[in-house]
Amino acid sequence: MKPIIFFVLVTILISGCSSGQSKKSGTADPLATAETKQLLAGLKAATEKGIMFGHQDDLAYGIGWVYPDGESDVKRVCSDYPAVYGMDLGHIELPEPDNLDSVPFEDMRVFAREIYARGGVITMSWHGDNPLTGGSAWDITSDKVVASVLPGGENNEKYRKWLDNIAAFLNSLKDETGTAIPVIFRPYHEHTGSWFWWGQKLCTTDEYIGLWRFTVDYLCKEKDVHNLLFAYSSSGDIANKAQYLERYPGDDYIDLIGFDYYQMGDGGNRAFIDDVSRVLTILEDVAAEHNKVPALTEAGYESIPDPAWWTGTFWPAMKDHKISYALVWRNAHNKPNHFYAPYPGHASEKDFIEFHNLPGTFFQKDATALELYR
Ligand code: BMA
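Nothing here was measured: the structure is a model prediction, and the numbers come from that model.

Here is what the cut-offs are and how they apply
- For every chain, the first residue of the written sequence is number 1, and numbering continues from 1 along that sequence.
- Under the rules for a predicted model, residues below a pLDDT of 70 receive no local features and side-chain atom pairs below 80 are neither given nor counted, while totals for whole chains, interfaces and linings still include all residues.
- Note that the side-chain values use all heavy atoms of the structure and ignore hydrogens as well as water.
- Classification of residues uses two cut-offs on accessible area relative to the type maximum, computed with a 1.4 Å probe and protein chains only: under 20% is buried, over 50% is exposed, and between them is partly exposed.
- Secondary structure elements are taken from DSSP: a helix is a run of H or I of four residues or more, a strand is a run of E of two residues or more, and numbering for both begins at the N terminus.
- Note on terminology: a nonpolar core comprises buried Ala, Val, Leu, Ile, Met, Phe, Trp, Tyr and Cys residues joined through side-chain atoms within 4.5 Å.
- Salt bridge, as applied in this entry: a Lys or Arg side-chain nitrogen positioned within 4 Å of an Asp or Glu carboxyl oxygen.
- Proximity criterion: a residue is near a molecule or strand once any of its heavy atoms comes within 4 Å of it.
- Contacts described as polar in this section are N or O atom pairs within 3.5 Å, which, within protein, must combine one atom able to donate a hydrogen with one able to accept it, while residues neighboring in sequence count only if both atoms come from side chains.
- Surface accessibility follows the Shrake-Rupley procedure with a 1.4 Å probe radius. Residue values consider only the protein chains on display as shielding.
- Cavities and pockets are defined on a 1 Å grid built over the protein atoms alone: a cavity is a set of grid points where a 1.4 Å probe fits but cannot escape, while a pocket is an open set with protein on both sides within 12 Å along at least five of seven lines, and lining residues are those with an atom within 4 Å of any such point.
- Any molecule with more than half of its atoms within 2 Å of a cavity's or pocket's grid points is regarded as sitting in that cavity or pocket.
- All residues other than Ala, Val, Leu, Ile, Met, Phe, Trp, Tyr, Cys, Pro, Asp, Glu, Lys and Arg, Gly among them, are scored as polar; the first ten of these are nonpolar and the last four charged.
- Orientation is described by lines fitted to C-alpha atoms, with helices fitted over the stretch in contact, and by angles between N-to-C directions that extend from 0 to 180 degrees.
- The scheme is simple: roughly parallel for angles under 35 degrees, roughly antiparallel for over 145, roughly perpendicular for 65 to 115, oblique for anything else.
- In this scheme, a crossing is called left-handed if the near helix is turned counterclockwise away from the far one by less than a right angle; it is called right-handed if the turn is clockwise.
- Here, residues are in contact when the closest pair of their heavy atoms is within 4.5 Å.
- Here a Phe, Tyr or Trp ring, Trp counted by its six-membered ring, pairs with any other such ring whose centre lies within 6.5 Å, and the pair is stacked when the planes are under 30 degrees apart, edge-to-face when over 60, and tilted otherwise.
- When the NZ atom of lysine or the CZ atom of arginine is within 6 Å of a ring's centre and also within 35 degrees of its normal, the charge is said to sit over that ring.
- Grid points are joined across faces, edges and corners, and a volume is the space filled by probe spheres set on the points.

Asker: Teacher, can you tell me more about helix α10 (residues 309-318) here?
Answerer: Helical periodicity: at 3.6 residues per turn, an α-helix aligns residues three or four positions apart in one direction. Within α10, seven of the ten residues are buried, leaving the element largely enclosed by the surrounding structure. Buried within α10 we find Trp-309, Trp-310, Thr-313, Phe-314, Trp-315, Ala-317 and Met-318.

Asker: How should I be thinking about the nonpolar core in this particular structure?
Answerer: Nonpolar side chains tend to gather and get buried jointly when the protein is soluble and globular. Core analysis: the largest hydrophobic core is formed by 115 residues, its most contacted members being Leu-89, Tyr-159 and Phe-314. Tallying contributions element by element places helix α9 (residues 269-290) first for this core, with nine residues.

Asker: Would you mind going over the pattern of salt bridges with me for this structure?
Answerer: Opposite charge on two side chains permits pairing when their charged atoms draw close. Evaluated as defined, the whole model comprises 18 salt bridges. Ionic pairing is found between Arg-247 and Glu-246, a salt bridge with its closest N-O pair at 3.6 Å. By relative accessible area, Arg-247 is classed as buried at 5%. The class of Glu-246 is partly exposed, set by a relative accessible area of 36%.

Asker: Just checking my understanding: could you explain unusual backbone geometry for this structure?
Answerer: Among all residues except glycine, the phi angle is most often negative; among peptide bonds, the trans geometry is most common. Each neighbour pair has its own omega, and for Leu-94 with Pro-95 the value is -10 degrees, a cis peptide bond. Phi at Ser-303 is positive, roughly 65 degrees, even though this residue is not glycine.

Asker: Would you take a moment to explain the site of the ligand for this structure?
Answerer: As a structural note, the neighbourhood of the ligand is formed by Leu-100, Asp-101, His-127, Trp-138, Trp-329, Arg-330, Lys-335 and His-338. Between Asp-101 and the ligand, the recorded distance is 2.6 Å, taken from a side-chain N or O atom to an oxygen atom. One of the side-chain N or O atoms of Trp-329 is found 3.0 Å from an oxygen atom in the ligand. Burial of the ligand by the protein chains amounts to 80% of its free accessible area of 300 Å². If you map the ligand onto the pockets, it falls in the largest pocket. For the shell around the ligand, the residue count by class is three nonpolar, two polar and three charged.

Asker: I'm lost on the packing of helix α6 (residues 156-171) against helix α7 (residues 205-222) in this one. Help?
Answerer: Axes are the key here: two packed helices are described by the angle between their axes and the distance separating the axes. Their axes nearest at 11 Å, the elements α6 and α7 cross at an angle of 55 degrees. As far as their axial angle goes, α7 and α6 are oblique. Taken as a pair, α6 and α7 cross one another with a handedness that is right-handed. Between α6 and α7, the contacting residues are Asn-156, Tyr-159, Arg-160, Leu-163, Asp-164, Ile-166 and Ala-167 on the first element and Leu-211, Phe-214, Thr-215, Tyr-218, Leu-219 and Glu-222 on the second. Here the contact of α6 with α7 is built from residues that sort into eight nonpolar, two polar and three charged.

Asker: Explain the packing of α10 against helix α11 (residues 349-357) here, please?
Answerer: For the pair α10 and α11, the least separation of the axes is 8 Å and the interaxial angle reads 40 degrees. On α11, the residues that touch Trp-309, Trp-310, Thr-311, Gly-312, Phe-314, Trp-315 and Met-318 of α10 are Asp-351, Phe-352, Glu-354 and Phe-355. In terms of residue class, the contact of α10 with α11 is built from seven nonpolar, two polar and two charged.

Asker: Looking at this structure, how should I read the packing of aromatic side chains?
Answerer: Enumeration according to the criterion identifies 37 aromatic pairs in this entry. On the basis of an interplanar angle of 85 degrees and a centroid distance of 5.3 Å, the ring pair of Tyr-232 and Tyr-244 is categorised as edge-to-face. Highlighted residues: Tyr-232 in strand β7 (residues 228-235) and Tyr-244 in helix α8 (residues 241-245), separated in sequence by twelve residues. Take Tyr-232: its relative accessible area is 0%, and that puts it in the buried class. You can call Tyr-244 buried: its relative accessible area is 1%. Ring centres of Phe-272 and Trp-309 lie 5.4 Å apart, and the angle between their planes is 55 degrees; this geometry places the pair in the tilted category. Here Trp-309 lies in helix α10 and Phe-272 lies in helix α9, a separation of 37 residues in the sequence. An aromatic cluster of three or more residues is present, and its members are Phe-53, Tyr-261, Phe-272, Tyr-301, Trp-309, Trp-310, Phe-314, Trp-315, Phe-352, Phe-355 and Phe-363. For Arg-118, the ring lying beneath its charged end belongs to Tyr-81, and the centroid distance is 3.8 Å.

Asker: It is not clear to me how the layout of surface pockets should be interpreted in this structure. Could you clarify?
Answerer: Empty space among the atoms can be located by rolling a probe the size of a water molecule over them. Approximately 520 Å³ is the volume attributed to the largest pocket. Glu-190, Tyr-262, Glu-298, Trp-329 and Tyr-340 are the residues nearest the centre of the largest pocket, which is lined by 22 residues in total. With four residues, strand β8 (residues 256-263) is the single largest residue contributor to the lining of the largest pocket. For the lining of the largest pocket, the per-class residue count stands at nine nonpolar, six polar and seven charged.

Shown next as structure tokens:
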């Protein structure tokens, strides 16, 4: 055998063995339900075809309305729901009947059923309160919070109870046949910034990774939650792969990877396109190496002051990248100008319809056709 052929054969054998041995292609939770596993496979396959559009609290409220059945600002504008629906679990840990933005958890349960029935994707973030001080997620007065909730810490028992409340809610998400509804769970987000109690300057790398692993292990192994895909998402201030991965909990704990990036101020269109595109390249690189699904987990331009932002800036920032979805933040009904998707009458309405009609953007009708759960 010629040395070169021998070398090629050995290389093929080694790479075949290593990918066969690793559990990288499975879900972080090995006991994830069939539908949850299928969702991960469905997201991977769809990423090759286009980018799904997501909107936070899409069904809960919008500009001038709160909680009526079937409403959605996105649908009001383009006659189609988003493909991805964001919700937030903040305050379920306490527990309270409504989340931190006044959305009743009972309503979220109904939304989850509707979304799953039409083949949409659900992702839940968690702006959980500060378990040490009793303040909000943004209370950064102590850098001992994460240490206090880890095993051995003074708040570990309390935190287990908080996770019990999360587990009970997630386990209650069922369709009409009793099948658990899969959810992309995205806790401890924007951790490369220092504005949440789990942020960069508020805990060490080991503590942050410990928090993730404790949470995943506790939910999946002790509370039998098996309808979750886990998403790791940094803030947008990412310079390189090493920084992105500094606090990565490990391939066995993560299914999706992403980052959050907002356009601030006027005239920053070029900077948004360049920056988002640059970090998406880093993300795609990490996703390929770790066999994870990449997504722009939060994005937007508050109140969308540029009428052509959707096709002129948002789409150019991501169009050359293979990512699963891009989710814009909520349309607050009680916080003036705090909205990220258009509503009927908004100046960017027409451009958003064009964005919806692009072959590369997927909304609910496309997601239904993609059969992500089958
Ligand atoms: C922030 C704002 C807040 C909100 C929080 C959690 O970005 O929208 O008003 O409470 O997200 O949804």
